[in-house]
Every structure is written in structure tokens, then in C-alpha cells.
Amino acid sequence: MGNREIVARECDRANMVRRVCMASVDDRTFFHEIRGPLMISGLPAGEITLVGDLICEYAARNDMPTVVLTGRPEILGYLQELREEGSLPGTMISSPASRNYHPMYGLSRKQILQLFRRAGEEAGYGARFDDILPYAEAAITAAASRYPASLPAIHALLEHDDDFIVSLAIRMGLPGVTANSVAGNYQAGVMFRRIIELLEETLEGIAVSDSETKYNLQSGSMGNLSVMAVYQISNHQSLMNAYLREEIFSTLKRVPKLRVILNEVAFCDDSDELLVELFRWKRQGRVELIAVSENVKEMLWDTSLNFGNICLFLHENPEVTETLSREIFGTYPYHYPTLAVGHPPVLLFSFRREEHWAIATEERLRIRCEDLYETRRMLCRTGEKMAIKIMGKSMIYTVPVRKFLPEACGNQYPAAVRSGY
């Protein structure tokens, strides 16, 4: 005699705390239904069509300006194709192929000087920046007397020598301190021009020295643009991130909320100021943050992955998948029957042994790698799966990847969403 069936039923009942079930949905339907922050991680997150569908959905909503920061030129090229086809109207793309960005246009004088100081530290002039500061302030004042202060305007001014800048300051009736800060300060002028060159090198992937387009995140968010895509990678990444931080900060002064999509971007470390500020603005409800990467944990360093909506695919390294699963989905007590062999009670001797089943418990991930791998059976085959978590719901859904990404998988499947999804 044995009690295995009874114990197995009890284990199944206890394991319901895992709250995992199967569902079927395609990416466009999923993106259309969800609201709030989103994280997508795993190898299929590198699919261009996936990122394109995501951005097209947010553009169609037109509920808030969307900023796309990406390190993948092919994504920007794909968005350009969609724009030309008319599938993605109201989009501006700043990339090495379209360097239309107007750096520092609309930033305050204080912000511009802070960026000059950061560039000075990058160039090795940190200890001498106090000597450069009067010259930098004079250059901003002189440039702003003719055009709105910006990096291209200051660059155009510095193409002339110091005598021209002094004479311009006098002609424009600027305070005498402006001309005096430039006159006879040749060394500061040389170092300041090197700082300007460094900033131009930093932004060369999105802007040229004469970018007088008056377009940047601030002006774009106030216009009729729904999506602004920017190539984020630079030879001076920390300086680039410092600049983008100032741009987004100024943009948030002009609009109540901003959506920021991070796609294979580069952060210097876990204390990168752009990374830190984006998550602070996310917690404050000022930024709706979307992270898309083949390895989000690597892209965002050790930042807590507190996202309401989650799509987890398999990664190249199974350990990465399980590390992310543990952090975002957690664990549960898994119950299973275990056999204890003994003798029937009361009898002192018997040739027959009684099978006694008991309940054993171990801690398991709610989503393990084996839950997502393709499985083969005698008459059918179950394809690779992904795990989905939706904001406000405790259930985790496992979805076949070929259903979620029919175009990427080379097949067309209808979007059939289970009731209760």
C-alpha cells in the first residue's frame, strides 16, 4: 500500500503559489496593452523588428514625447526606413548618417559652464579651469550677443582670433569685463579652444560644428515630434552621458513627463550620472523608462531592475538568465513527493515492505532555464519560450517565442491572447 497519489495532490496544491501559466500573444498586442516601465532582456531583444514594433506603438500613442537612446546604428537606419515609408511619422533621427543635432541650444549659462568644466577635466585642465573660466564666460556672452548660446555658436566665434572677439564685444556694447577677460589671455584661449574641440569630438556622432538646426530634445519635445532617436555612443562616453543628462533635465522642465527607451546604450559604471538620474526620475514618475538589451543586467550594471512590465528571453549564458530570473521573479518553495521505505507497523517480521511517501521541500526559481528551453516529445515539439510579467498582476506567463515574434521566426502566427492575460 502507498499514499503517493495523496501526497502528489498535496504537492500540486502547495505548488500553486508559484503562479505561472501558459499564454499566447504577439509583440504588437503586448506593447499595445501594457502601460508603465518595461524591461526586455535576452537574445531575441536584439531583433530589429522587435525594437521597431515597440517604438511604432509608442509613437502611435502620442501620449508623451519619446526619446530613444541607442548604440546600434542599424536600429536608427531601420527607423529611418519606417519614417520614409510613412509608418513612423513625427520622428527625428540623430545619427552618424544624419548629424542634425544642435548641441547646448536652450541650455542655461550655468549648465553650459558645468559641461565646459567636465570637458576641461577630461582634457586634463581640471586644476586650471578657474583660470579658463573668465575666458569661457566672456565667450558665451559674446556668442550670445549675436545668436542663442550653443556649442556651434561658440565654435563659430572661436574661429576668429582674440582681437576680433574683443572688438566684437566693444561693438555690441558688452560690459568691459567681457573684453578684458579675452584680451591678453592667450593661454586660457588655447585651452578653451581645446575644450570646445573635445566637446565636438564627443558629439560628432549626432552633430557637426555648424549644426544651426535649432533641433534638440528640448525643442523637439515642444514641437510636433513624437519620437526623437539619438545615437548615444561616443569616444568620450562619460562626457556624452553628462551632456545627455543635462539635455533630459532641461527637457523635463518643458514637458510633464518623458518616455526614455534605452537600447544597447553604454554607461561607464553603476555610478554613471545619466544612469543614476534616469532611475531617480523613474522613481519620481517623471520618466517612463524602457530598457531593451540582449543582457539588461550588463547594460545597467548593478542597478535594481524594478520594472513593472518584463519580457525575459533566454540569454547566451544560462547563468545570466537565472540570475535575472531570481532578481525579477524571485523563488518559491517547491514541494515534491519523496519515498520513505519501512516495515508495516505492529508486525515484527514481514517479507513485504510498505512504501510511505512524504512531502519534501526545496527552494526553486519561479522561472528556470529549463522552463524556457525547447522540449521534444514523441509526437510533438514545444518551441523555445519566454516569460512575461505584467504590471499589477502576480501571475507570470510563459509564451512561445515563435508566437511573440512571428516575423523574426520566419512564420506568421495570429495574435491569440488567452482569456485572463
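Residues numbered from 1 in each chain as written. Predicted model: local features only at pLDDT ≥ 70, side-chain atom pairs only at ≥ 80, totals over all residues. Heavy atoms only, no water.

## A look at the overall build of the protein
Reasoning step 1: Check the secondary structure of the protein and you find 17 helices and 14 strands.
Reasoning step 2: Scaling as 2.2 N^0.38, a compact globule of 421 residues should have a C-alpha radius of gyration of about 22 Å, whereas the protein reaches 29 Å, well beyond that.
Reasoning step 3: Its C-alpha atoms put the protein at 115 × 50 × 30 Å along the principal axes.
Reasoning step 4: Element-wise, carbon and sulfur atoms account for 50% of the exposed surface of the protein, whose accessible area totals about 20100 Å². (Helix = DSSP H or I, 4+ residues; strand = E, 2+ residues; numbered from the N terminus. Rg over C-alpha atoms; globule rule 2.2 N^0.38 Å. Areas by Shrake-Rupley, 256 points an atom, 1.4 Å probe, with all protein chains shown as cover.)

## Structural notes on the nonpolar core
Reasoning step 1: Judged by nonpolar contacts, the single largest core of 123 residues is most densely connected at Phe116, Leu300 and Phe404.
Reasoning step 2: For this core, the element with the most residues is helix H6 (residues 129-144), which contributes 9 residues.
Reasoning step 3: Setting aside chain neighbours within four positions, we find Phe404 in contact with Val25, Asp26, Asp27, Phe30, Leu50, Cys311, Phe313, Met386, Ile388 and Val399. (Core = buried A, V, L, I, M, F, W, Y, C linked by side-chain atoms within 4.5 Å. Buried < 20%, exposed > 50% of the residue type's maximum accessible area, 1.4 Å probe, protein only. Contact = heavy atoms within 4.5 Å.)

## Details of the pattern of salt bridges
Side chains bearing opposite charge may pair, as long as their charged atoms lie close to each other.
Reasoning step 1: With the rule as written, the count across this model stands at 18 salt bridges.
Reasoning step 2: Between Arg72 and Glu74 there is a salt bridge, with the nearest N and O atoms lying 2.9 Å from each other.
Reasoning step 3: The exposure class of Arg72 is buried, given its relative accessible area of 14%.
Reasoning step 4: For Glu74, a relative accessible area of 37% puts it in the partly exposed group.
Reasoning step 5: Put simply, Glu362 and Arg364 hold a salt bridge, and the shortest N to O gap is 2.9 Å.
Reasoning step 6: Taking the relative accessible area as the measure of exposure, Glu362 reaches 32% and is therefore partly exposed.
Reasoning step 7: What emerges from the salt-bridge pattern is a single network uniting Arg245, Glu246, Glu277 and Arg280. (Salt bridge = Lys/Arg side-chain N within 4 Å of Asp/Glu carboxyl O.)

## Some words on the layout of surface pockets
Reasoning step 1: By volume, the second largest pocket amounts to about 160 Å³.
Reasoning step 2: Taken together, 15 residues line the second largest pocket, and the ones lying closest to its centre are Ala59, Asn62, Pro89, Gly90 and Ser226.
Reasoning step 3: Per-element tally for the lining of the second largest pocket: the top contributor is helix H3 (residues 48-61), with 3 residues. (1 Å grid on protein atoms, 1.4 Å probe; cavity = no way out; pocket = protein on both sides within 12 Å on 5 of 7 lines; lining within 4 Å. Points joined across faces, edges and corners; volume = space filled by probe spheres on them.)

## With respect to the side chain of Thr398
Reasoning step 1: Looking at the element boundaries, Thr398 is found in strand S14 (residues 396-400).
Reasoning step 2: Excluding residues within four positions of it along the chain, Thr398 makes contact with Val20, Cys21, Met22, Ala23, Ile367, Lys385 and Met386.

## Some points on the side chain of Asn100
Reasoning step 1: Here Asn100 shows up in the loop between strand S4 (91-94) and helix H5 (109-123).
Reasoning step 2: Beyond its immediate stretch of four places on either side in the chain, Asn100 contacts Met92, Ile93, Ser94, Ile206, Thr213 and Tyr215.

## Observations regarding the sheet that holds strand S3 (residues 66-70)
Reasoning step 1: Ordered in space as S1-S14-S13-S8-S2-S7-S6-S3-S5-S4, the 10 strands form an open sheet in which the pairing is mixed. Only two strands of the sheet have a single partner each, and these edge strands are strand S1 (20-22) and S4. Each neighbouring strand pair of the sheet contributes to a mean axis angle of 15 degrees, computed without reference to strand direction.
Reasoning step 2: Where strand S13 (residues 385-389) lies against S14, 5 bridges are found, and the strand directions are antiparallel. Within S14, the residue paired with Met386 across the bridge is Val399.
Reasoning step 3: Packed on one face of the sheet, helix H4 (residues 73-85) meets S3, S4, strand S5 (227-231) and strand S6 (258-263) and runs near 150 degrees to S4.
Reasoning step 4: In the packing of helix H13 (residues 273-284) onto the sheet, the strands contacted are S3, S6 and strand S7 (287-293), and the crossing angle to S7 comes to about 130 degrees. (Pairing = 2+ DSSP bridges. Axes fitted to C-alpha atoms, helices over the stretch in contact; angles between N-to-C directions.)

## Points about helix H8 (residues 162-171)
Reasoning step 1: Taken residue by residue, H8 has Asp162, Ile165, Val166, Leu168 and Ala169 as its buried positions. All buried residues of H8 project into a common sector of 160 degrees when viewed along the axis, lining one side. Among the exposed residues of H8, those pointing more than 90 degrees away from its buried face are Asp163, Ile170 and Arg171.
Reasoning step 2: For H8, the secondary structure elements touched by its buried residues are H6, helix H7 (151-158), helix H9 (176-182) and helix H10 (186-202).
Reasoning step 3: Positive phi shows up at Gly173, right after H8, with a value of about 70 degrees. (Arc of directions from axis to C-beta.)

## Considering H5
Reasoning step 1: Look at H5: 21 Å from first C-alpha to last across 15 residues, which is about the 21 Å you get at 1.5 Å a residue.
Reasoning step 2: The secondary structure elements touched by the buried residues of H5 are H6, H7, H10 and helix H12 (237-254).
Reasoning step 3: Looking at the residues trailing H5, positive phi occurs at Gly124, about 90 degrees. (Expected span 1.5 Å × (residues − 1).)

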